[in-house]
Number of protein chains: 2
Amino acid sequence: MNTELILANIAKHISLDKNEIDFFLSLLKPEEVSKKSVLLKEGQLCRDINFVHHGTLRAFYMGKEAKESTIMFAVADWWITDMYCFINQKPAMLTITAVEDSQLFRLRKEDLDRLYLQVPKFERFFRIIMQNAYIREQLRIIENLSLSAEERYTNFLSRYPKVAQQVTQKQIASYLGITPEFLSTLRANKRIK
Amino acid sequence: MNTELILANIAKHISLDKNEIDFFLSLLKPEEVSKKSVLLKEGQLCRDINFVHHGTLRAFYMGKEAKESTIMFAVADWWITDMYCFINQKPAMLTITAVEDSQLFRLRKEDLDRLYLQVPKFERFFRIIMQNAYIREQLRIIENLSLSAEERYTNFLSRYPKVAQQVTQKQIASYLGITPEFLSTLRANKRIK
DNA sequence: AAAAGCGCTTAAGGTACCTTAAGAAATTAT
DNA sequence: ATAATTTCTTAAGGTACCTTAAGCGCTTTT
């Protein structure tokens with residue numbers, strides 16, 4: 001698993017010298033996971049933040065009566081974790097699984113904390129990552145409050161075309177906050193129009 | 001308007017020496033705004049991030065047919081802006097108004113950028129602020145996807161009791177994503193139980 | 001290659017929440 | 001104080017979306 005993608009991801013926001021790059025890479029644990037494998041299970045301690053090198057991951061919350069709510073999908077070049085439990089080292093609220101065979105780099109909380117101390121530029125890097133995540137979640141809230149299910153579905157398809165190809169409609173429905181049956185009728189209506 | 005509250009807010013996450021404190025304070029513009037005044041209007045350039053020293057602010061999105069969606073409330077000790085437009089210096093999607101007479105400190109985008117360069121510890125500070133904001137928004141998404149309107153209302157009251165006292169039910173309804181009429185019937189049902 | 005399981009669709013009936021409307025209560029303006 | 005606005009409530013009728021159920025096509029397991 002080569003490191004070009006993750007280094008390019010970092011280089012979008014900060015520049016590192018050779019020593020800093022080596023130190024950063026020494027903290028990463030590459031991992032290959034197969035489809036349907038579980039990276040984090042609700043109730044477990046969430047020890048890592050994950051960078052997706054290849055493949056697709058999905059984080060979901062399991063509510064009452066086995067109802068799943070998909071919180072996020074992550075494809076190549078994305079970071080994903082249960083941020084609340086990762087930062088506070090509390091039992092996870094979310095479950096994270098592989099939608100397809102995937103390759104990742106894992107970074108442990110204690111190693112990230114060392115990284116912040118040794119290479120403070122990473123404070124800037126993750127400040128920007130968190131900022132973008134905040135903006136994205138806020139935009140999703142705006143859409144959830146102000147748009148119909150059909151409009152949210154259309155937006156999802158245009159915003160995340162790659163994700164839409166990899167995941168099932170059941171999973172898309174659970175991201176949009178509707179049932180798979182209702183998504184199916186929305187799609188049927190769209191076809192007719 | 002004294003600076004104890006905002007300095008204590010900063011000190012929760014980083015410690016500054018006297019020079020750094022003075023430089024930081026020199027960038028802030030204290031401002032008193034009266035109830036109903038508009039701090040940021042949709043379409044305007046969003047130049048500042050605001051720290052609430054006293055009072056209550058509200059950020060909302062105006063959808064079709066004059067339907068407002070409240071994105072956030074901010075009481076004393078909170079930071080608020082339209083983050084997307086503040087960071088990218090684009091026209092605002094959100095409108096921010098004062099729910100009651102309020103006192104704030106404003107920090108301009110260009111001054112924040114200078115602050116990051118001169119006192120890199122602020123990268124850490126805002127990394128943590130953004131991280132908390134991200135976690136909060138994600139929790140709100142989980143609740144919006146998995147809970148009923150009544151459960152969300154109960155959670156809102158217990159999580160933000162001070163806000164609930166300051167704002168109207170119309171505004172709470174628009175935060176929860178329901179109509180004021182429906183919130184009213186929920187409250188009537190609760191009283192009977 | 002059958003069986004079992006899961007994903008997608010369609011349809012009928014149900015419920016949470018919306019729309020419209022109108023009156024009472026509270027707040028703001030004159 | 002009075003008038004004017006806005007907020008909150010109640011109620012009737014409507015719609016977006018849910019639940020249950022059944023059938024069909026895939027994929028996975030035996």
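It should be noted that the structure appears before, not after, this text.
First things first, this report covers the structure right here in the doc. (Residues numbered from 1 in each chain as written. Chains lettered and ligands numbered in written order. Predicted model: local features only at pLDDT ≥ 70, side-chain atom pairs only at ≥ 80, totals over all residues. Heavy atoms only, no water.)

**Regarding the overall build of chain A**
Just so we agree on the cut-off: Helix and strand assignments come from DSSP, with helices taken as H or I runs of at least 4 residues and strands as E runs of at least 2, each series counted from the N terminus. This radius of gyration counts C-alpha atoms alone. The globule rule is 2.2 Å times how many residues there are, raised to the power 0.38. Here, two residues are considered to be in contact whenever any of their heavy atoms come within 4.5 Å of each other. Here, Shrake-Rupley sampling with a 1.4 Å probe gives the accessible areas, and only protein chains in the shown set may cover a residue.
A tally of helices and strands in chain A yields nine helices and eight strands. Relative to the compact-globule value of 16 Å for 193 residues, chain A shows a C-alpha radius of gyration of 18 Å, a close match. For the C-alpha atoms alone, the extent of chain A along its principal axes is close to 60 × 30 × 30 Å. Intrachain contacts of chain A at a sequence separation of at least 6 include 71% that bridge at least 24 residues. Accessible surface for chain A amounts to roughly 9,300 Å². Of this, 52% is attributable to carbon and sulfur atoms.

**Side note on the pairing of strand β5 (residues 68-75) of chain A**
So the rule is basically this: For every residue, the accessible area (1.4 Å probe, protein chains only) is compared with the maximum for its type, and the residue is labelled buried under 20%, exposed over 50%, or partly exposed between those bounds. Should DSSP find at least two bridges between two strands, the strands are taken to pair.
Among the eight residues in β5 of chain A, seven count as buried, and that is most of the element. Hairpin connection from strand β4 (residues 56-62) of chain A to β5 of chain A: five residues lie between these consecutive antiparallel strands, with glutamate 65 of chain A at a positive phi of about 50°.

**Some words on the interface of chain A and chain B**
Using the following cut-off: Should a side-chain nitrogen of Lys or Arg be within 4 Å of a carboxyl oxygen of Asp or Glu, the pair is scored as a salt bridge. In protein, a polar contact means a hydrogen-donor-capable atom and an acceptor-capable atom, both N or O and within 3.5 Å, with residues adjacent in sequence counting only if both atoms are side-chain atoms; elsewhere, any N or O pair within 3.5 Å suffices.
Taken together, the 37 residues of chain A in the interface contact 37 residues of chain B. For the pair chain A and chain B, the interface holds six salt bridges. Connecting chain A to chain B are nine residue pairs in polar contact (both at pLDDT 80 or more). If one sorts the elements of the side of chain A that touches chain B by residue count, helix α5 (residues 121-146) of chain A sits on top with 18 residues.

**Remarks on the sheet that holds strand β2 (residues 38-40) of chain A**
Residue and element names in this part refer to chain A. For clarity, the threshold we go by: Lines fitted to C-alpha atoms define the axes here, with helix axes fitted over just the stretch in contact, and angles between the N-to-C directions of these axes take values from 0 to 180 degrees.
Taken together, the four strands give an open sheet; going across it, the order is β2-β7-β4-β5, and neighbouring strands pair in antiparallel fashion. The open sheet is flanked by β2 and β5, the only strands paired with a single partner. If you compare each strand with its neighbour and ignore which way they point, the axes differ by 30° on average. The pairing of β2 with strand β7 (residues 94-98) spans two bridges and is classified as antiparallel.

**Some points on the protein's contact with DNA strand C**
We count it as follows: If a single non-hydrogen atom of a residue is within 4 Å of a molecule or strand, that residue counts as near it. Lys, Arg, Asp and Glu make up the charged group, whereas Ala, Val, Leu, Ile, Met, Phe, Trp, Tyr, Cys and Pro make up the nonpolar group; the residues left over, Gly among them, are polar.
Neighbouring DNA strand C are 15 residues; Gln169, Lys170 and Ser184 of chain A together with Lys35 and Thr179 of chain B lie closest to it. Restricting attention to atoms of DNA strand C within 4 Å of the protein, one finds that 75% of them are sugar or phosphate atoms. Arginine 187 of chain A has a polar side-chain atom sitting 3.5 Å from a phosphate oxygen of DNA strand C. For DNA strand C, a phosphate oxygen lies 2.9 Å from a polar atom in the side chain of lysine 35 of chain B. Broken down by secondary-structure element, the contributors of at least two residues to the surface near DNA strand C are α8 (169-176) and α9 (180-192) of chain A together with α9 (180-192) of chain B. At five residues, α9 of chain A tops the list of elements feeding residues into the surface near DNA strand C. Taken together, the residues of the surface near DNA strand C break down into four nonpolar, five polar and six charged.

**Description of helix α5 (residues 121-146) of chain B**
Note the cut-off: Helices are assigned an expected span. That span is 1.5 Å times one less than the residue count.
Compared with the 38 Å implied by 1.5 Å per residue over 26 residues, the 38 Å span of α5 of chain B between its first and last C-alpha is a close match. By the criterion of burial, α5 of chain B is predominantly enclosed, with 21 of the 26 residues buried.

**Examining the side chain of glutamate 20 of chain A**
Secondary-structure assignment places glutamate 20 of chain A in helix α2 (residues 18-27). For glutamate 20 of chain A, the residues in contact, after removing those within four places along its chain, are Ser15, Val119 and Lys121 of chain A.

**Describing the packing of aromatic side chains**
Put simply, the test is: Planes of paired rings set the category: under 30 degrees apart is stacked, over 60 is edge-to-face and the rest tilted, where pairs are Phe, Tyr or Trp rings (Trp by its six-membered ring) whose centres lie within 6.5 Å. We call a charge positioned above a ring when the Lys NZ or Arg CZ atom is no farther than 6 Å from the ring centre and deviates by at most 35 degrees from the ring normal.
Applying the stated rule across the entire model yields 24 aromatic pairs over all chains. With a centroid separation of 6.1 Å and an interplanar angle of 55°, the aromatic rings of phenylalanine 73 of chain B and phenylalanine 156 of chain B are classed as tilted. Of this pair, phenylalanine 73 of chain B sits in strand β5 (residues 68-75) while phenylalanine 156 of chain B sits in helix α6 (residues 149-159); the two residues are 83 residues apart in sequence, bridging distant segments of the chain. Ring pairs connect the aromatic residues Phe24, Phe51, Trp79, Tyr116, Phe122, Phe125 and Phe126 of chain A, which therefore count as one cluster. Its guanidinium or amino end placed over the ring of tyrosine 175 of chain A, arginine 140 of chain A lies 3.7 Å from that ring's centre, counting from NZ or CZ.

**Considering the nonpolar core**
As a reminder of what qualifies: By convention a nonpolar core is built from buried Ala, Val, Leu, Ile, Met, Phe, Trp, Tyr and Cys residues, the set being connected through side-chain atoms within 4.5 Å.
Trp79, Phe122 and Phe126 of chain A together with Trp79, Phe122 and Phe126 of chain B are the most contacted members of the largest nonpolar core, which totals 95 residues. Look past the residues within four positions of phenylalanine 122 of chain B in its chain and what remains in contact with it is Ile10, Ile14, Leu16, Phe24, Leu115 and Tyr116 of chain B.

**Remarks on the environment of tyrosine 134 of chain A**
Inspection of the secondary structure puts tyrosine 134 of chain A in helix α5. Other than its neighbours up to four places away in sequence, tyrosine 134 of chain A contacts Met72, Met83, Met130, Ala133, Tyr134 and Glu137 of chain B.

**Here we look at the protein's contact with DNA strand D**
Within the structure, DNA strand D sits among 16 residues, and Ala149 and Thr179 of chain A together with Gln169, Lys170 and Ser184 of chain B are positioned closest to it. Counted by atom, the contact set of DNA strand D within 4 Å of the protein is 76% sugar and phosphate. A distance of 3.0 Å separates a phosphate oxygen of DNA strand D from a polar atom in the side chain of serine 184 of chain B. Between arginine 187 of chain B and DNA strand D, the recorded distance is 3.4 Å, taken from a side-chain N or O atom to a phosphate oxygen. Of all the secondary-structure elements, those providing two or more residues to the surface near DNA strand D are α6 (149-159) and α9 of chain A together with α8 (169-176) and α9 of chain B. Top element by residues in the surface near DNA strand D is α9 of chain B. It accounts for six residues. Class assignment of the residues belonging to the surface near DNA strand D gives a composition of four nonpolar, six polar and six charged.

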